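# Descriptive structure summary
The residues making up each chain are set out below.
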Amino acid sequence: MPTEILMPALSPTMEEGNLAKWLVKEGDAISAGDVIAEIETDKATMEVEAVDEGTIGKILIGEGTEGVKVNTPIAVVLGDGEDASAIGSAAAAPAAETAPQAEPEAGPNGATEPAATTAPAAAAAPASAPAADPDIPAGTEMVSTTVREALRDAMAEEMRRSDDVFVMGEEVAEYQGAYKITQGLLDEFGARRVIDTPITEHGFAGLGVGAAFAGLRPIVEFMTLQAMDHIINSAAKTLYMSGGQMGCPIVFRGPNGAAARVAAQHSQDYTAWFSQVPGLKVVVPYTATDAKGLLKAAIRDPNPVIFLENEILYGQTFDVPKLEDFVLPIGRARIAREGSQATIVSFGIGMTYALQAAEALAGEGVDCEVKSLRN
Amino acid sequence: MDRTVPGAAKTGRTHAILRFLRPDGTAIGGLPGFASDRKEMAALYRLMVLTRSFDEQAIALQRTGRLGTYASSLGQEAVAVGAAAAMRPDDILLPTFREHGAQIARGVTLTELFLFWGGDERGSDFAGPREDFPVNIPVASHIPHAVGAALAFKMRKERRAALCIFGDGATSKGDFYEALNVAGVWQVPCVFVISNNQWAISVPRAVQTRSDTLAIKGIAVGIQGVQVDGNDAVAVREVVGEALEKARHDHEPSLIEAVTYRLGDHTTVDDASRYRDDAEVGKHWKEEPIARLRAFLTAEHGWSKDEEEDLLTEIREQVEAAVEAYLATDAQEPAAMFDHLHASLPPALAGQRAELAGKDGGDG
């Protein structure tokens, strides 16, 4: 059967690219490793190699096409004994745009990290019976926003509000964030407050703690959470140990839990661990609204807050209220769905499945409430 | 005592150790200006004697069950006192658990120190140097804190420096290298002082690192490292003072290795005689810092026997008064363990607190 060649993700953060040049034409035989096309991204031009051998049956995206989304079929390769007549069925197969767009995610290993596989279809915001949010006045205009944008907006708003707030971590500045959360912050706030660090998790976690002890409000972004000694022994315990004298207004944030294909050492879920540490507040948002309102609250909190995000949620879109200064209180759960017969409790990305389950149960006549713990 | 240790790597470089006073207290050559100021030198000496007297009392209290585990600074007084004496009030100190002399010089009271070592966290609520950091117990984790605090000064454009003191053992930790690297590349006003007392509990310096000196560890990160005689209070004060100046004005960090010797045990739960030769310790007693400074004061500033006796009497009274105040401090109520955790106590904890206080806690 003919195989499609898809627009590849050539970097962990690439969402689309330009098809600069075809180096083969229809009818050419190719073998694995042959360079078949050149693709341009915002960062570089890269070559695309064939993975299998065969014959180029059809070129679907012409040379010079701009803004080709990752995973869009760009050509069809015919196997042994196949001819162009077989193409019809392959080309008619669902193209990438009908499925939820694969979300290219940056991972801790940069380019070696493949783009996330297709997000589950049901991961989109729940379709029915959302509960009214008591924190959002009725009639508020809602703006469709990704979790990624919401996190960035929260940081930007707080950085505008106070000069003491700054963000540091690996790749947060020039690269615009390993997960593109800090996109645009360097431009607006400059290198003084958007600080790229060496690969020094323990060092910059401790450094953030020291800066917080000295009165600043650091946001420490991790590519992968580590540095337990500083989070627990230094940040969480010092207020108590200093007799209430020395506080640590710091936010440690970054992706937490499993994402796609990041394997054991990048899939750790720290929620339960950190929740056991006196002196730490643990926030795990699900929606973009929660992400924004709670991150703003975390930055203003006089205590250390661990803000656990989820890589798969970064690209998901939710309605976020368009309000001047939207801050949610830390310490309160949210009813995500009204229901009268049973309650499902979850948090973070688990909410995706809780809402799906409620939907499925509704089909069976069980009316479930769904609660998002949030923190 | 037999102990096979690898020799230091032969790098072929010679290193100079900065020293103004010989072990017998005579000056080698020209002295920094402050050394001719009798009042200032007497004050430096007083702080060192006070530190040692505090040390003796702390050990006595521990041995009689009235203090927790305690880390003596015997023999290292010149490092702590000399470094702190070079600071300005608005610089900040980040000490580890053997820098009593620095804390005392900065204005932490003896009673606060006794409280801290007695297990009462009110001892870390210094009335004096409010912005100094509390004693850091985990080894080396305060080194990145110092860089963070220095970064805060730089960002706020304040002419202040962070002074971080730690032991030779801490220089083997990742935190040390990570913090030093960042301080070098970001150029923050931070001065790192290694109080190299030659022993990390039972591990001698030569078994900790093959590095020629600890000061050269700054080279790889572009930070100037200098070795100073840590038993010469004049040299420590001068070198740290210069480094602080450079930090405040040029945001240039420094690494200072103050070579001294731990004349006592690691802590009160240690017995160094099990792993360390008495002969080695005896040799180092000849270089100890207080006798050295006293000899200098006597020869250069006419420090008299009467002055010495008056000083010892005054210090004895001060330490005794602090011990009395410490012992007379009531232990905190058990319910105090709920303090400083929550701005307003959640119902579950409020119930537990009330129960501890002997009231009906309800079901919380």
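Counting restarts for each chain, with residues numbered from 1 along the sequence as it is written. Chain letters start at A and ligand numbers start at 1, both assigned in the order the entries are written. Per-residue local features are limited, in this predicted model, to residues with pLDDT of at least 70; the limit for side-chain atom pairs, both in listing and counting, is 80 or more; totals at the level of whole chains, interfaces and linings are taken over all residues. The basis for the side-chain values is all heavy atoms of the structure; hydrogens and waters are excluded.

## Considerations on the overall build of chain A
For helices the rule is a DSSP run of H or I covering at least 4 residues; for strands it is a run of E covering at least 2, with both sets numbered from the N terminus onward. The helix and strand inventory of chain A stands at nine helices and 19 strands. For every residue, the accessible area obtained with a 1.4 Å probe (protein chains only) is divided by the maximum for its type, and the residue is called buried under 20%, exposed over 50%, and partly exposed between those limits. Burial analysis of chain A (375 residues in total) assigns 50% to the buried set. Whether two residues are in contact is decided by their heavy atoms: any pair within 4.5 Å suffices. Restricting to contacts in chain A with at least 6 residues of sequence separation, those with at least 24 account for 74%. Shrake-Rupley sampling with a 1.4 Å probe provides the accessible areas, and residues are treated as covered by the protein chains on show and by no other component. Accessible area for chain A stands at about 15,700 Å²; split by element, carbon and sulfur atoms hold 51% of it.

## Here's the deal with the overall build of chain B
Scanning chain B for helices and strands turns up twelve helices and eight strands. Computed over C-alpha atoms, the radius of gyration of chain B comes to 22 Å, within 12% of the 21 Å expected from 2.2 N^0.38 for 364 residues, which places it in the range of a compact globule. Seen along its three principal axes, the alpha-carbon backbone of chain B occupies a region of about 75 × 50 × 45 Å. Looking at chain B as a whole, 53% of its 364 residues are labelled buried. Of the contacts formed within chain B by residues at least 6 apart in sequence, a portion of 74% connects residues at least 24 apart. For the charge count, each Lys or Arg is scored as positive and each Asp or Glu as negative, with His and the chain ends excluded. Each charge is placed at NZ for Lys, CZ for Arg, CG for Asp and CD for Glu. Here chain B holds 39 positive side-chain charges and 53 negative ones, and the gap between their average locations is 5 Å. Only the C-alpha atoms count toward the radius of gyration. The rule for a globule is 2.2 Å times the residue count to the power 0.38.

## Some words on the pairing of strand β2 (residues 16–22) of chain A
Residues and elements named next belong to chain A. Pairs of strands are assigned from DSSP output, requiring at least two bridges between the strands. With three bridges joining them, β2 and strand β7 (residues 65–69) adopt antiparallel strand pairing. From the neighbouring strand, Gly 17 faces β7, where its bridge partner is Val 68. By the bridge criterion, four bridges tie β2 to strand β4 (residues 35–40) in an arrangement that is antiparallel. Looking across to β4, one finds that Leu 19 is bridged to Ile 39.

## Examining the packing of helix α4 (residues 201–213) of chain A against helix α5 (residues 142–155) of chain B
Axis angles are defined between N-to-C directions and span 0 to 180 degrees, where every axis is a line fitted to C-alpha atoms and, for a helix, only to the segment in contact. Where α4 of chain A contacts α5 of chain B, the axes come no closer than 6 Å and their chain directions differ by 50 degrees. With respect to each other, α4 of chain A and α5 of chain B are oriented oblique. Of the two possible hands of crossing, α4 of chain A and α5 of chain B adopt the one that is right-handed. The residues of α5 of chain B that touch α4 of chain A, namely those facing His 202, Gly 203, Gly 206, Leu 207, Val 209, Gly 210, Ala 211 and Phe 213 of chain A, are Pro 144, His 145, Val 147, Gly 148, Ala 149, Leu 151 and Ala 152 of chain B. Any angle that is under 35 degrees is reported as roughly parallel, and any over 145 degrees as roughly antiparallel; angles of 65 to 115 degrees are reported as roughly perpendicular and all others as oblique. By definition, any crossing whose near helix is turned counterclockwise from its far helix by less than a right angle is left-handed, and any crossing with a clockwise turn is right-handed.

## Comments concerning the layout of surface pockets
Throughout, the protein atoms alone are placed on a 1 Å grid, and a set of points is a cavity if a 1.4 Å probe fits but cannot get out or a pocket if it is open with protein on both sides within 12 Å along at least five of seven lines; lining residues have an atom within 4 Å of a point. Grid points are joined across faces, edges and corners, and a volume is the space filled by probe spheres set on the points. One number sums up the size of the largest pocket: a volume of about 780 Å³. Lining the largest pocket are 30 residues, with Gly 279, Leu 280 and Lys 281 of chain A together with Leu 341 and His 342 of chain B positioned closest to its centre. For the lining of the largest pocket, the secondary structure elements donating two or more residues are α6 (238–241), α7 (271–275) and β14 (281–283) of chain A. Residues that form the lining of the largest pocket fall into these classes: 17 nonpolar, eleven polar and two charged. All residues other than Ala, Val, Leu, Ile, Met, Phe, Trp, Tyr, Cys, Pro, Asp, Glu, Lys and Arg, Gly among them, are scored as polar; the first ten of these are nonpolar and the last four charged.

## Some thoughts on a nonpolar patch on the surface
Residue and element names in this part refer to chain A. Where nonpolar side chains cluster on the molecular surface, the patch consists of Val 345, Phe 347 and Leu 373 and spans about 230 Å² of accessible area. Mapped onto the fold, Leu 373 is located in the segment after β19 (368–372). In this structure Leu 373 comes out as partly exposed when scored by relative accessible area, which is 35%. Each patch is assembled from residues with relative accessible area greater than 30% and no salt bridge, linking like charges that lie within 9 Å and nonpolar side chains (Val, Leu, Ile, Met, Phe, Trp, Tyr) that lie within 5 Å. Criterion for a salt bridge: a side-chain nitrogen of Lys or Arg within 4 Å of a carboxyl oxygen of Asp or Glu.

## Describing the nonpolar core
Residue and element names in this part refer to chain B. We call a set of buried Ala, Val, Leu, Ile, Met, Phe, Trp, Tyr and Cys residues a nonpolar core when their side-chain atoms join them within 4.5 Å. By size, the foremost hydrophobic cluster in this structure holds 67 residues, and its most contacted members are Met 41, Phe 114, Leu 163, Val 240 and Leu 293. Considering each element in turn, this core owes the most residues, eleven residues, to helix α1 (residues 38–63). For Phe 114, the residues in contact, after removing those within four places along its chain, are Phe 54, Gln 57, Ala 58, Leu 61, Leu 67, Val 319, Ala 322, Val 323 and Tyr 326.

## Side note on the interface of chain B and chain A
Between chain B and chain A, the contact holds 28 residues from the first and 33 residues from the second. Of the roughly 2,600 Å² buried between chain B and chain A, counting both surfaces, carbon and sulfur atoms make up 66%. Three residues, Met 155, Trp 186 and His 340 of chain B, lead the burial of chain B against chain A; their summed loss comes to 24% of the area buried on that side. Where chain B meets chain A, there are zero salt bridges. As used here, buried area is the combined drop in accessible area, with a 1.4 Å probe, of two parts when they are placed together.

## With respect to the confidence of the model for chain B
All names here are of chain B. Per-residue confidence from the predictor is reported as pLDDT, a score between 0 and 100. Considering every residue of chain B, the mean pLDDT works out to 92; 94% of them sit at 70 or more. Below a pLDDT of 50 lies the segment residues 1–14, which in the model reaches 21 contacts outside its immediate sequence neighbourhood of four places, other chains included. Across the whole predicted complex the pTM is 0.76, and at the interface the ipTM reaches 0.74.

## Focus: empty space enclosed by the protein
Unoccupied space between atoms shows up once a probe the size of one water molecule is rolled over them. All told, the structure shown has two cavities of 30 Å³ or more when counted by the stated rule. Empty space within the largest cavity amounts to approximately 50 Å³. Val 147, Leu 151, Pro 285, Tyr 286, Thr 287, Ala 291, Leu 308, Glu 309, Asn 310, Leu 313 and Tyr 314 of chain A together form the lining of the largest cavity. If you list the elements that add at least two residues to the lining of the largest cavity, you get α2 (147–161) and β15 (305–309) of chain A. Taken as a whole, the second largest cavity spans an internal volume of roughly 30 Å³. Considering the residues around the second largest cavity, the lining is formed by Gln 103, Leu 113, Phe 116, Gly 123, Ser 124, Phe 126, Pro 134 and Val 135 of chain B. In terms of residue class, the lining of the second largest cavity is built from five nonpolar, three polar and no charged.

## Focus: the sheet that holds strand β1 (residues 3–6) of chain A
All names here are of chain A. The strand order β1-β8-β6-β3 describes an open sheet built from four strands, whose pairing is antiparallel. The two strands at the open ends of the sheet, each matched to only one other strand, are β1 and β3 (29–30). As paired strands, strand β6 (residues 54–59) and strand β8 (residues 73–78) are joined by four bridges and run antiparallel to one another. Paired with Thr 55 across the two strands is Leu 78, which belongs to β8.

## Quick look at the sheet that holds strand β12 (residues 217–221) of chain A
All names here are of chain A. Pairing is parallel across the open sheet formed by six strands, whose spatial order is β11-β10-β12-β13-β15-β14. Two strands bound the open sheet, and with one partner strand each, they are β11 (194–196) and β14. Shown here is a sheet whose adjacent strand axes are inclined to one another by a mean of 20 degrees, direction ignored. One ladder, built from five bridges, connects strand β13 (residues 251–255) with β15; its direction is parallel. The partner of Gly 254 across the bridge, within β15, is Leu 308.

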